[in-house]
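# Observations on the three-dimensional arrangement
One-letter residues, chain by chain:
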Amino acid sequence: MFDRLDVMKKQYYKIQDELSQGITDVKKMTEKLKESSQLEDAVLEYNKYLEVIEQLKNTDTLLKTEKDEEILEMAHLEKAELEDRKEQLIADLKILLLPKDPNDEKNVVVEIKGAAGGDEGNLFAGDLFRAYSKYAETKNWKIEILNAMEGSMGGFTSIEFMVTGKKVYSFLKYESGVHRVQRVPETESQGRIHTSTAVVLVMPEAEELEIDISWNDIRFDTYNSSGPGGQSVNTTKSAVRLTHIPTGIMVACQEGKSQHENKDKAFRLLKTRIFDKFLQEQLEKEGEQRKALVGRGDRSEKVRTYNYPQNRVTDHRIGLTLQRLDAIMEGKLDLIIEPLLNEFQKRQLTGE
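Residues numbered from 1 in each chain as written. Predicted model: local features only at pLDDT ≥ 70, side-chain atom pairs only at ≥ 80, totals over all residues. Heavy atoms only, no water.

## Looking at unusual backbone geometry
A positive phi angle, near 55°, is found at lysine 167, a position not held by glycine. Looking at where lysine 167 falls in the secondary structure, it is placed in the loop between strand 3 (156-164) and helix 5 (168-172). By relative accessible area, lysine 167 is classed as partly exposed at 23%. If you check the backbone angles, asparagine 311 has positive phi at about 50° while not being a glycine. (Helix = DSSP H or I, 4+ residues; strand = E, 2+ residues; numbered from the N terminus. Buried < 20%, exposed > 50% of the residue type's maximum accessible area, 1.4 Å probe, protein only.)

## Let's talk about empty space enclosed by the protein
Across all of its chains, the model carries one cavity of 30 Å³ or more by this definition. Considered as a void within the structure, the largest cavity measures approximately 30 Å³ in volume. Taken together, Val110, Tyr132, Ala136, Trp141, Ile143, Phe161, Val163 and Leu172 make up the full set of residues lining the largest cavity. Looking at the lining of the largest cavity, the elements that each hand over two or more residues are helix 4 (119-138) and strand 3. (1 Å grid on protein atoms, 1.4 Å probe; cavity = no way out; pocket = protein on both sides within 12 Å on 5 of 7 lines; lining within 4 Å. Points joined across faces, edges and corners; volume = space filled by probe spheres on them.)

## With respect to the packing of aromatic side chains
Tallied over the entire structure, the rule returns 11 aromatic pairs. Ring plane angle 90° and centroid distance 5.6 Å describe the contact between tyrosine 135 and tryptophan 141, whose orientation is recorded as edge-to-face. For the residue pair tyrosine 135 and tryptophan 141, the accessibility class agrees, reading buried in each case. Between the aromatic rings of tyrosine 174 and phenylalanine 344, the centroid separation amounts to 5.5 Å while the plane-to-plane angle is 65°, which identifies the pairing as edge-to-face. In this pair, tyrosine 174 is assigned in the loop between helix 5 and strand 4 (177-183) and phenylalanine 344 in helix 9 (residues 334-350), connecting sequence segments 170 residues apart. Judged by relative accessible area, tyrosine 174 falls into the buried class, the value being 3%. Following the ring pairs from residue to residue traces out a cluster consisting of Phe2, Tyr46 and Tyr49. The positively charged end of arginine 183 is found above the aromatic ring belonging to tyrosine 308, 4.8 Å away from the centroid. A cation over a ring is seen here: lysine 263 above phenylalanine 220, with NZ or CZ 4.8 Å from the ring centre. (Phe/Tyr/Trp six-rings, centres within 6.5 Å; stacked < 30°, edge-to-face > 60°. Lys NZ or Arg CZ within 6 Å of the ring centre and 35° of its normal.)

## Considerations on the side chain of arginine 317
Summarising the element assignment, arginine 317 is placed in the loop between strand 10 (312-315) and strand 11 (320-322). Since its relative accessible area comes to 13%, arginine 317 is described here as buried. A distance of 2.6 Å separates a polar side-chain atom of arginine 317 from the backbone oxygen of tyrosine 174. Within polar-contact distance, the side chain of arginine 317 engages the side chain of aspartate 315 at 2.7 Å. (Polar contact = N/O pair within 3.5 Å; in protein donor to acceptor, adjacent residues only side chain to side chain.)

## Points about helix 3 (residues 69-96)
Spanning 28 residues, helix 3 covers 40 Å between terminal C-alpha atoms, matching the ideal 40 Å at 1.5 Å per step. Looking at helix 3, one finds that the buried residues are Leu72, Ala75, Leu82, Leu89, Ile90 and Leu93. In this structure, the buried residues of helix 3 make contact with helix 1 (2-21) and helix 2 (26-65). N-cap assignment for helix 3: the residue whose side-chain oxygen lies 2.9 Å from the backbone N of glutamate 70 is aspartate 68. (Expected span 1.5 Å × (residues − 1). Contact = heavy atoms within 4.5 Å.)

## Brief notes about the pattern of salt bridges
Under the defined criterion, the tally for this structure stands at 19 salt bridges. Put simply, aspartate 127 and arginine 183 hold a salt bridge, and the shortest N to O gap is 2.8 Å. Pair noted here: aspartate 127 is in helix 4 and arginine 183 is in strand 4, with a separation of 56 residues, a long-range link. Exposure remark for aspartate 127: the relative accessible area of 25% places this residue in the partly exposed category. In the salt-bridge network here, residues are joined through shared partners; they are Glu144, Glu261, Lys265 and Arg268. (Salt bridge = Lys/Arg side-chain N within 4 Å of Asp/Glu carboxyl O.)

## As for the packing of helix 2 against helix 3
Close contact between helix 2 and helix 3 brings their axes to 9 Å; oriented N to C, the two are set at 155°. What the angle tells us is that helix 2 and helix 3 run roughly antiparallel. Judged by the twist between their axes, the crossing of helix 2 over helix 3 is left-handed. Residue composition of the contact of helix 2 with helix 3, grouped by class: 16 nonpolar, three polar and 10 charged. (Axes fitted to C-alpha atoms, helices over the stretch in contact; angles between N-to-C directions. Parallel < 35°, antiparallel > 145°, perpendicular 65-115°, else oblique. Left-handed = near helix turned anticlockwise from the far one by under 90°. Nonpolar A, V, L, I, M, F, W, Y, C, P; charged D, E, K, R; others polar.)

## Section: the sheet that holds strand 4
The eight strands lie next to each other as 2-3-1-5-4-9-10-11, forming an open sheet whose pairing is mixed. Only two strands of the sheet have a single neighbouring strand rather than two, namely strand 2 (142-150) and strand 11. Here the average twist between neighbouring strands, direction ignored, is 15°. Relative to strand 9 (residues 302-307), strand 4 runs parallel, the two sharing five bridges. Across the sheet, arginine 180 pairs through a bridge with threonine 305, a residue of strand 9. (Pairing = 2+ DSSP bridges.)

## Digging into the environment of arginine 324
Checked against the element boundaries, arginine 324 lands in the loop between strand 11 and helix 8 (325-329). Judged by relative accessible area, which is 38%, arginine 324 ranks as partly exposed. Beyond its immediate sequence surroundings of up to four residues, arginine 324 is in contact with Asn311 and Leu335.

## Description of a negative patch on the surface
Residues Asp68, Glu69, Glu70 and Glu73 make up a contiguous surface patch of negative charge. Locating glutamate 70 in the fold gives a position in helix 3. (Patch = residues over 30% accessible without salt bridge, like charges linked within 9 Å, V, L, I, M, F, W, Y side chains within 5 Å. Areas by Shrake-Rupley, 256 points an atom, 1.4 Å probe, with all protein chains shown as cover. Lys, Arg positive; Asp, Glu negative; His and termini not counted. Charge placed at Lys NZ, Arg CZ, Asp CG, Glu CD.)

Right, here's the structure in full:
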């Protein structure tokens, strides 16, 4: 492990020297910055480890040469603290050296759809969108709605939005799947608890070099934007629908102010969906999706239950139950995302 860290450290500082001298080639500079970012966390943590090792050597020297009992006692206490710090840093370094998901640094497109439960499913889809929006605020991420179809009673029958920021996919990739809600709907006169669902799909954004799509393979249609219940909300055909003929993937966008803006958003969404299709096919072939603890999640898989009467959230993949539903729906999703990440790292470390 330490041989590997030594190599990483040399490479990191070599890149820093190259960047400080100035790189005129934009593509090369982007590649170097990306490589530097990938190495940085492990190298900085390794530097902390080396500092602790140096402090331990100095403390051992003091213990061998010092005669004063009071100083010796303090040195023993310091050594114990340094040993604990050393073990923690080793544990942290092991996690930092785990194989990285190549998509972890990417922005994402999230799709939320109301599923079982009709209007209540749509309302819950809206609640999930609000929770993810608040979570994004805490991470200083930016949300851009690409397409949205409002439910007749509120919420969304479907909403697709881009989340941009630092390492977005690494945090949100385990949110895909069926989210089940148990609560008393506002329209329920007898106070009975209903069970409804919304489906979440998280897709890493496709980068320009990863996928090449020709407009010759895309059918381009325009139509009038529509609101809740399907009624037309304007008389100009500003809404856009793109269909990728080779894969049959279709996307639509009506959130922009103009046809041009909607076309641009729809194309970004289309690229991401095509990239996600290829990514899932690759994962299926490699068997990773089913072997991994949570993978990216499957549309048919129930991943989480939100029980409002008991203020309870249960993630079924790791058997985690929290009585913090109110906080989680206000955007404190790290309460449940961090245990997922920790469990996945634990499985990686043990080779499961």
